[in-house]
Structure formats: C-alpha cells, structure tokens
Amino acid sequence: MTSLPLSPDTATFTGGAVFLDYASLDFGDLDAAALYRVFPDLTLHLHTTPAQIAERLDGAEVAIVSDLHLPAEILGRLPRLKLILLASTGTNAVDLAAVRRLGITVCHCQGYGTHAVAQHTLALMLALTNHVARYSALVSAGQWSAADRFCLTDYPISGLNDKRLAIVGQGELGRRVAYLAEAFGMQVSFAGLPGREGPQDKIALDELLPLADIVSLHCPLTPETAGLINTRRLGLMKRSALLINTARGGLIDDTALAGALREGRLAGAALDVLSQEPPPHNHPLLTGDIPNLLITPHVAWSTTGARQCALQQLAENGQAWLAGQPIRVVS
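Described below are features of the structure shown in this document. (Residues numbered from 1 in each chain as written. Predicted model: local features only at pLDDT ≥ 70, side-chain atom pairs only at ≥ 80, totals over all residues. Heavy atoms only, no water.)

Quick word on the overall build of the protein chain
A count of helical and extended segments in the protein chain gives 11 helices and 12 strands. What you see for the protein chain is a C-alpha radius of gyration of 22 Å, in line with the 20 Å of a compact globule of 331 residues. Each principal axis of the C-alpha distribution contributes one length, and for the protein chain these read about 70 × 50 × 40 Å. Within the protein chain, the proportion of its 331 residues that are buried is 47%. Pairs at least 24 apart in sequence give 67% of the contacts found in the protein chain among residues at least 6 apart. When the accessible surface of the protein chain is summed, it comes to about 15,800 Å², and 53% of that surface belongs to carbon and sulfur atoms. Computed over 24 positive and 30 negative side-chain charges, the inter-centroid distance for the protein chain is 4 Å. (Helix = DSSP H or I, 4+ residues; strand = E, 2+ residues; numbered from the N terminus. Rg over C-alpha atoms; globule rule 2.2 N^0.38 Å. Buried < 20%, exposed > 50% of the residue type's maximum accessible area, 1.4 Å probe, protein only. Contact = heavy atoms within 4.5 Å. Areas by Shrake-Rupley, 256 points an atom, 1.4 Å probe, with all protein chains shown as cover. Lys, Arg positive; Asp, Glu negative; His and termini not counted. Charge placed at Lys NZ, Arg CZ, Asp CG, Glu CD.)

Rendered as structure tokens:
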C-alpha cells in the first residue's frame, strides 16, 4: 500500500498525544519514527488497564489505541480530547455516539492487513484439507517410524482445486481471498447478506450455503450479522463442508458450531477469532473434544509488514488531522 509523505512541519504540535496500548501493535519489531515525527511529545504506554485510561489521557488532545475500549463514561471525563486514532480497521472500540456528541474526530486504519489476513485464510483452508496438524501429531507420536510403508494415509487429503468457495463479504479482503482462491483452482461465489441488496453477481446466503464446499467469513460484525452462522444456517451446509472465520467471532453462534462438529453435521472449521477475546477457559469451542476444529489466537492480521503499515497510517491520519484535512475518518 502506498504511503503518504510525512512533512516535518507538524513538529510544533504540543497538544499531548498518548498511545495507550502500544504493545498490542509493536511486538518489538517496528519503527515508530513516523509517529514521532507527527507527535514529537508522544507518550507511549505499552499497556494500560481500563482503570488507568482517564488518568493517562487527562489533558491530552490525541489518544491512540489498538485494543482498548473507550466508552462514553470515560470520554465524557476528557474535555481536551479532540482526536482518537485507532490502530485497527474495526471501530467497535469507541462509543461512536459519544464521540459525535462530544465533537471528537475518530480515524482508523484501512487495508493494512489485507494480504496478511487473506494469506492466513488460505493457510487455514489448507490446514484443514491437508490435515497438517493431524499428520504432524502422528509423526511426533512415532507412527511414521513404525509404519510398514513409505507414507501414512490415515486422513484422506482433499485438494482445494474445483472446490466451491462461498465468501461472505465482498470488500477488499473478501476480494483478495477470492483472488488467491482462484489461483488454487477454486470456484468462487460471493454471498449476499440477508436483507441487503447487492450486486447481481451475489447469491443469497441461504441459497449459496447448500452449494458451498468451503464458507469463508469476511464481513463486519454488526447487529444484523451477529450470529449470522447459527443452527439453522449450519443445517443448510453440506456435511462435507468447511467453515473459515478470520473476520469477527460474533458472526458465529459458538454453541451451535460446537454441536455441528461433534455430531458430524459439518466436516471441519478453522477460526482465528472468537466471540470473546481472550476467551474464558469454559468457552464452548475450547472443550478439547471437538473434532476437526482449528483455532488460532487472532493472529491473521499480525505480520510485521501489516503492523508497520498500520503504524504508518496512524502517522498519516495524525498529520492530515493537524493539517485540517482528516483522512480515514470514522466520525
């Protein structure tokens, strides 16, 4: 993604900028120079608890957050706050009704993790169809060494070529996944969300689910899409189908998915997100007895390149706001 040039004329900003949870973005491998060029007095906190937010933002004009939530109750106690920069695409970390009422500008990042998430999506598909973890476990257990032939064939491998992929969400990320999937020889169809008219090349979700070999979710979590994949829609899918979710955990009814996998009504699922993160130990998908379920801990977005791009966009958003022409504006 092309970066905007950062000019040095913002070095006079002294309104106070605070990054509350920098460690959620930088794992010790990023360069924050661009952000400091825009906000020379920037204060970086690696971690901040909810109880510390108001104190640390007291007197600041700019707040930068990656994972923390800024509810209306806290925002109302920060009269000097003018700008919130989100180191994410999602905007659910901020009470948007409150910021509109208080006149606070909110800017987010866009498209910084497209390649990373699309790559992880295909990796999850391949991990399921090629039984990567299962075969690795057999080798570790010594079963290959004990075999009477050159290979193990405990789990039949199903190629991606000629499989029909249903993608829910036709934004930049959904289109990138489609591009990669087609390179594997997959037949790609986009699903139209219930109650939302879309392009003619979309097929209604409930009509597409019975036809799909793999369903991959790439739509935002909204009141309309919460629990989108529920007991009824899981029942529409083929018993041989796979479900992939690298979008938002709340798109899936966790208990319904656990039941479908246990009962063999779905062949497998691979998730990078859950409805609650970090999940409680008693989360319905973490019981350890669910077959053909792979879960990664919300890491699809986190390549070094993607996170560096997000940091660059934070700097660009800050500079544009200082120049009176904010970009990537949410509110």
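Considerations on helix 5 (residues 114-129)
An α-helix turns once every 3.6 residues. As a result, residues three or four positions apart point the same way. Across its 16 residues, helix 5 extends 23 Å between first and last C-alpha, which sits within 8% of the 22 Å expected from 1.5 Å per residue. Among the 16 residues of helix 5, 12 are classified as buried, and the element is accordingly described as predominantly covered. If you check which residues of helix 5 are buried, you get Thr114, Ala116, Val117, Ala118, His120, Thr121, Leu122, Leu124, Met125, Ala127, Leu128 and Thr129. (Expected span 1.5 Å × (residues − 1).)

Here's the deal with the nonpolar core
By size, the foremost hydrophobic cluster in this structure holds 32 residues, and its most contacted members are Val168, Val215, Leu234, Leu243, Leu257 and Leu266. Ranked by residue count, the leading element in this core is helix 10 (residues 254-262), at five residues. With residues up to four places along the chain from it excluded, the contact list for Leu234 reads Ile229, Leu243, Ala256, Leu257, Ala260 and Leu266. (Core = buried A, V, L, I, M, F, W, Y, C linked by side-chain atoms within 4.5 Å.)

Quick look at the side chain of His108
Within the element layout of this structure, His108 appears in the loop between strand 5 (105-107) and helix 5. In this structure His108 comes out as buried when scored by relative accessible area, which is 11%. Side-chain polar atoms of His108 contact the backbone oxygen of Thr89, separated by 2.7 Å. Setting aside its immediate chain neighbours within four residues, His108 contacts Leu86, Ser88, Thr89, Thr91, Asn317, Arg328 and Val330. (Polar contact = N/O pair within 3.5 Å; in protein donor to acceptor, adjacent residues only side chain to side chain.)

Here's the deal with the side chain of Asp272
Of note, Asp272 is situated in the loop between strand 11 (268-271) and strand 12 (293-295). The side chain of Asp272 is buried and forms no salt bridge, while Arg248, the nearest opposite charge, is found at 7.9 Å. Among the polar contacts made by the side chain of Asp272, one reaches the main-chain amide nitrogen of Val299 at a distance of 2.9 Å. Those residues in contact with Asp272 that lie beyond four places of it in its chain are His120, Leu124, Asn245, Thr246, Glu277, Thr296, Pro297, His298, Val299 and Ala300. (Salt bridge = Lys/Arg side-chain N within 4 Å of Asp/Glu carboxyl O.)

Here we look at the sheet that holds strand 7 (residues 187-192)
Strands belonging to one sheet form pairs held by backbone hydrogen bonds; the direction of such a pair is parallel or antiparallel. If you walk across this open sheet you meet the seven strands as 8-7-6-9-10-11-12, and the pairing is parallel. For this open sheet the edge positions go to strand 8 (202-204) and strand 12, each flanked by a neighbour on one side alone. Averaged over all pairs of adjacent strands, the angle between their axes in this sheet comes to 25 degrees, without regard to strand direction. Where strand 6 (residues 164-168) meets strand 7, five bridges bridge the pair, whose relative direction is parallel. Counterpart to Val168 in the pairing with strand 7 is Ala191. Those strands touched by helix 5 are strand 6, strand 9 (214-217), strand 10 (242-245), strand 11 and strand 12, and its axis lies near 150 degrees from that of strand 10. (Pairing = 2+ DSSP bridges. Axes fitted to C-alpha atoms, helices over the stretch in contact; angles between N-to-C directions.)

Overview of the packing of aromatic side chains
All told, the structure shown has three aromatic pairs when counted by the stated rule. Taking 6.3 Å as the distance between ring centres and 80 degrees as the angle between the ring planes, the aromatic pair formed by Phe27 and Trp301 counts as edge-to-face. Of the two residues, Phe27 is situated in the loop between strand 1 (17-19) and helix 1 (33-38) and Trp301 in the loop between strand 12 and helix 11 (304-322); the sequence distance between them amounts to 274 residues. For Phe27, a relative accessible area of 49% puts it in the partly exposed group. Owing to a relative accessible area of 18%, Trp301 belongs among the buried residues under this scheme. Between the NZ or CZ atom of Arg307 and the centre of the ring of Phe27, over which it lies, the distance is 3.9 Å. (Phe/Tyr/Trp six-rings, centres within 6.5 Å; stacked < 30°, edge-to-face > 60°. Lys NZ or Arg CZ within 6 Å of the ring centre and 35° of its normal.)

Overview of the pairing of strand 3 (residues 62-65)
Side chains of strand 3 alternate between two faces, with Val62 and Ile64 and Ala63 and Val65 buried alike. In this sheet, strand 3 lies alongside strand 1 in parallel orientation, the contact comprising three bridges. Residue pairing in the sheet places Phe19 in a bridge with Ile64 of strand 3. Bridge analysis of strand 3 against strand 4 (residues 83-86) gives four bridges, and the strand direction is parallel. Across the sheet, the residue bridging to Val62 is Leu83, located in strand 4.

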